[in-house]
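Descriptive structure summary
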Amino acid sequence: MISSTVTSGHYDLSPVLDADDDGSAFDPVDFLNGLFPTEQSLRYGQTHRVGAHDVDPGGGLEVLSVDIRRAVDRLDAKIGSGIGSQAAAAPGGAEGIRGALSTLEELRRGLRRVARSAQGTTASVRPVVADIRRLDNAKRNLQRSITSLRRLHMLVHAMERLGDAAEDRRYGEASALLA
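For every chain, the first residue of its written sequence is number 1, and the numbers climb from 1 along that sequence. It should be noted that, the model being predicted, local features are given only for residues of pLDDT at least 70 and side-chain atom pairs only at 80 or more, the latter also being counted only at that level, while totals for whole chains, interfaces and linings use all residues. Remark: hydrogens and water are excluded; side-chain values derive from all non-hydrogen atoms of the structure.

Along its length, the protein carries 6 helices and 2 strands. Each helix is a run of H or I in the DSSP string that is no shorter than four residues. Each strand is a run of E no shorter than two, and both are numbered from the N terminus. Listing every helix and strand of the protein by position from the N terminus yields α-α-α-β-β-α-α-α. Categorising residues by exposure relies on relative accessible area from a 1.4 Å probe, with only protein chains included: less than 20% of the type maximum marks a residue as buried, more than 50% marks it as exposed, and the intermediate range marks it as partly exposed. Looking at the 179 residues of the protein, the share that counts as buried comes to 13%. Pairs of residues are marked as contacts when any of their non-hydrogen atoms sit within 4.5 Å. Here the analysis covers contacts within the protein between residues at least 6 apart in sequence; of these, 42% occur between residues at least 24 apart.

See below:
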């Protein structure tokens, strides 16, 4: 919670300072309308309730602007001191960064090798895929041919039976074969 460590002079900026990182919990229009409900309050300020007592900030928008600048300056100072303390706490920070950069460069080289290898693999796989497609088409054609041959065999067999039935004058059997 930032507001407990960064306070302003006249206005309560805690709704601004305590807002989530994505700003979804803070509505700037509601905040400003709460501070300045009338046009006149923009210039002179307004007495409003903070906690259990009334506060008259006076000065309106100019005072709010100064308060916001002060809060930003305090936050900047806090961030700067935090960065400085982190840099001081990590004496091998520059070496760590150099190590991380060299590791990143190794990773980039490895990724380039993998990309080149993948391109080579893709080039060698294309003919295999084309062969598989040709074999798949041949298989489909062979299945259709087998089906046609089976049907032709059944037709020839039925014609032989029909011829035998007609030769022996079994017309009932012959008519059943034609149906």
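Quick look at unusual backbone geometry now. Although it is not a glycine, Arg169 adopts a positive phi angle of roughly 60°. Inspection of the secondary structure puts Arg169 in the loop between helix H5 (93-167) and helix H6 (171-178). Using a relative accessible area of 62% as the deciding quantity, one classes Arg169 as exposed.

For salt bridges, the criterion is a side-chain nitrogen of Lys or Arg within 4 Å of an Asp or Glu carboxyl oxygen. One pass over the full model with this rule turns up 7 salt bridges. The salt bridge partner of Glu105 is Arg112, with a shortest N-O separation of 3.8 Å. For Asp136, the salt bridge is made with Arg140, and the minimal N-O distance between the two is 3.1 Å. On the criterion of helical spacing, the pair formed by Asp136 and Arg140 is a turn pair, its members being 4 residues apart in helix H5. Note on Arg140: relative accessible area 34%, which makes it partly exposed. Linked through salt bridges whose partners overlap, the residues forming this network are Glu105, Arg108 and Arg112.

Attention now moves to a nonpolar patch on the surface. Among the surface-exposed residues, Ile97, Leu101, Leu104, Leu107 and Leu111 lie close enough to one another that they form a single nonpolar patch of about 490 Å² accessible area. On the secondary structure map, Leu107 appears in helix H5. Given a relative accessible area of 48%, Leu107 falls into the partly exposed group. Exposure above 30% relative accessible area and the absence of a salt bridge qualify a residue for a patch, where like charges join within 9 Å and nonpolar side chains (Val, Leu, Ile, Met, Phe, Trp, Tyr) within 5 Å. Note on areas: Shrake-Rupley, 1.4 Å probe, and residue coverage restricted to the protein chains presented here.

Let's shift gears to the nonpolar core. Side-chain atoms within 4.5 Å are what join buried Ala, Val, Leu, Ile, Met, Phe, Trp, Tyr and Cys residues into a set we call a nonpolar core. Judged by nonpolar contacts, Leu13, Phe31, Leu35, Phe36, Leu64 and Ala71 together constitute the single largest core of 6 residues. Those elements giving two or more residues to this core turn out to be helix H2 (28-35) and helix H4 (60-89).

The next subject is the confidence of the model for the protein. Parts of the model with low pLDDT should not have their predicted coordinates read in detail. The predictor's confidence in any single residue is recorded as pLDDT, a number from 0 to 100. Confidence along the protein averages 78 in pLDDT terms, with 75% of residues attaining 70 or more. Confidence, expressed as mean pLDDT per element, reaches its minimum in the protein at strand E2 (residues 53-55) with 47 and its maximum at H5 with 90. Here residues 1-8 is a poorly scored stretch, pLDDT under 50, and it has 17 contacts once near neighbours within four places are set aside; other chains count. Confidence drops under pLDDT 50 across residues 49-55; counting only partners more than four residues distant or on other chains, this segment forms 9 contacts.

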